[in-house]
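The chain contents come next:
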Amino acid sequence: KAGVTQTPRYLIKTRGQQVTLSCSPISGHRSVSWYQQTPGQGLQFLFEYFSETQRNKGNFPGRFSGRQFSNSRSEMNVSTLELGDSALYLCASSIDSANTGELFFGEGSRLTVL
Amino acid sequence: AQKITQTQPGMFVQEKEAVTLDCTYDTSDQSYGLFWYKQPSSGEMIFLIYQGSYDEQNATEGRYSLNFQKARKSANLVISASQLGDSAMYFCAMREGETSYDKVIFGPGTSLSVIP
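Structure report, in brief. Please read all numbers here as calculations on a predicted model, not as lab measurements.

Overview of the overall build of chain B
And step 1. Each helix and strand counted, chain B has zero helices and 12 strands in total.
And step 2. Against the compact-globule benchmark of 13 Å for 116 residues, chain B has a radius of gyration of 14 Å, which places it among compact chains.
And step 3. By principal-axis analysis of the C-alpha atoms, chain B measures approximately 45 × 30 × 20 Å.
And step 4. With 116 residues in all, chain B has 48% of them scored as buried.
And step 5. In chain B, the proportion of contacts linking residues at least 24 apart, taken out of those at least 6 apart, comes to 54%.
And step 6. Carbon and sulfur atoms make up 48% of the accessible area of chain B, which amounts to about 5,500 Å² in all.
And step 7. When the 9 positive and 13 negative side-chain charges of chain B are each reduced to one mean point, those points stand 3 Å apart.

This is the structure in structure tokens:
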């Protein structure tokens, strides 16, 4: 079956703009989480959604937001972009909320802010 | 404080030899899960192996095994018979507690290079 799909794969924005990234989880997976990966900070948890509800949130400013739709697809939005937001944004899905499920990751959306 | 520590920023291993990637973790929870992921240069995170805190046996998946030492809070990844395609970043990760859902904390990673 199809894996986690993230779009767009690459994008370039300028400071002050906003960006929306999309993630389609594996069919049947209801949990979607987002991570930011940078060379300096590594992989950092942004937020996690399950059944359209945000259940967990990392330590990011309010400029970072997300949502999940009834079909489990998720979007994240970053407003008023800053140079430091340049990163690989990874989306992951899992089948349920059990504490043993592995996360299946997409290939990521690489954002460059100029 | 770092929840996940990977003390080896970079490692080299000869093809066909075994290699151990170190990981120590910090948690006060009794229930937690430990993961290892591989990230090739393409960027995708690939799940390798999982160990639950209550699992008594060390996890194994093909050429990957997890050396779990609970008292030492250590979860080292052992790759046997290294292949050139094993060259990648390797991340140790942990999900804490019963209610942390999918908040998984990742370590800083170890870059593994397999030499022909």
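What follows continues from the structure just given.
Re the overall build of chain A
And step 1. For chain A, the helix and strand inventory stands at zero helices and 11 strands.
And step 2. In chain A, the succession of α and β elements from N to C terminus is β-β-β-β-β-β-β-β-β-β-β.
And step 3. In terms of overall dimensions, chain A is globule-like: its C-alpha atoms have a radius of gyration of 13 Å, near the 13 Å expected for 114 residues.
And step 4. Based on the C-alpha atoms only, the size of chain A along its principal axes is roughly 40 × 25 × 25 Å.
And step 5. Per-residue burial over chain A gives 50% buried out of 114 residues.
And step 6. By sequence separation, contacts in chain A at least 24 residues apart represent 54% of the contacts at least 6 residues apart.
And step 7. For chain A, the accessible surface area stands at approximately 5,200 Å², while carbon and sulfur atoms represent 48% of it.
And step 8. Positive and negative charge centroids in chain A, built from 11 and 8 side chains respectively, lie 5 Å apart.

A short note on the sheet that holds strand β3 (residues 19–24) of chain A
All names here are of chain A.
And step 1. Taken together, the four strands give an open sheet; going across it, the order is β1-β3-β8-β7, and neighbouring strands pair in antiparallel fashion. If you trace the sheet from one side to the other, it starts and ends with β1 (5–7) and β7 (64–68), each paired once. Neighbour-to-neighbour, the strand axes of the sheet open up by a mean angle of 15 degrees, direction not taken into account.
And step 2. Pairing geometry for β7 and strand β8 (residues 74–78), over five bridges, is antiparallel. Residue pairing for β8: S65 is matched across the bridge by N77.

Section: the nonpolar core
And step 1. Of all hydrophobic cores here, the largest spans 25 residues; its most connected members are L21, Y25, W36, I49, L77, Y90 and L112 of chain B.
And step 2. Of all elements in the fold, only β2 (10–14), β3 (19–21), β5 (32–39), β6 (46–52), β8 (64–69), β9 (74–79), β10 (88–96) and β12 (110–115) of chain B reach the threshold of two or more residues within this core.
And step 3. No other element matches β10 of chain B, which puts four residues into this core.
And step 4. Look past the residues within four positions of I49 of chain B in its chain and what remains in contact with it is L34, F35, W36, A59, T60, E61, Y64, S65, L66 and L77 of chain B.
And step 5. One finds I26, V32, F47 and F60 of chain A within the second-largest nonpolar core, a separate group that totals 21 residues.

What about the state of the cysteines?
Residues and elements named next belong to chain A.
And step 1. Under the defined criterion, the tally for this structure stands at two disulfides over all chains.
And step 2. Shown here is the disulfide that connects C23 with C91, its sulfur atoms set 1.7 Å apart. Classification of the bridge connecting C23 and C91 rests on its S-S torsion, roughly -60 degrees, and on that basis the disulfide is left-handed. With C23 in strand β3 and C91 in strand β9 (residues 87–94), this residue pair connects regions lying 68 residues apart in the sequence. No difference in accessibility class separates C23 from C91, as the two residues are buried.

Points about the environment of S87 of chain B
Residues and elements named next belong to chain B.
And step 1. With respect to the secondary-structure elements, S87 resides in the loop between β9 and β10.
And step 2. Residues S87 and Q39, 48 residues apart in the sequence, show an inter-C-alpha distance of 9.1 Å.
And step 3. The residues contacting S87, other than those within four sequence positions of it, are L112, S113 and V114.
And step 4. There is a polar contact of 2.9 Å between the side chain of S87 and the backbone nitrogen of V114.

Parameters at a glance
- Residues numbered from 1 in each chain as written.
- Chains lettered and ligands numbered in written order.
- Predicted model: local features only at pLDDT ≥ 70, side-chain atom pairs only at ≥ 80, totals over all residues.
- Heavy atoms only, no water.
- Helix = DSSP H or I, 4+ residues; strand = E, 2+ residues; numbered from the N terminus.
- Rg over C-alpha atoms; globule rule 2.2 N^0.38 Å.
- Buried < 20%, exposed > 50% of the residue type's maximum accessible area, 1.4 Å probe, protein only.
- Contact = heavy atoms within 4.5 Å.
- Areas by Shrake-Rupley, 256 points an atom, 1.4 Å probe, with all protein chains shown as cover.
- Lys, Arg positive; Asp, Glu negative; His and termini not counted.
- Charge placed at Lys NZ, Arg CZ, Asp CG, Glu CD.
- Pairing = 2+ DSSP bridges.
- Axes fitted to C-alpha atoms, helices over the stretch in contact; angles between N-to-C directions.
- Core = buried A, V, L, I, M, F, W, Y, C linked by side-chain atoms within 4.5 Å.
- Disulfide = S-S within 2.5 Å.
- Polar contact = N/O pair within 3.5 Å; in protein donor to acceptor, adjacent residues only side chain to side chain.

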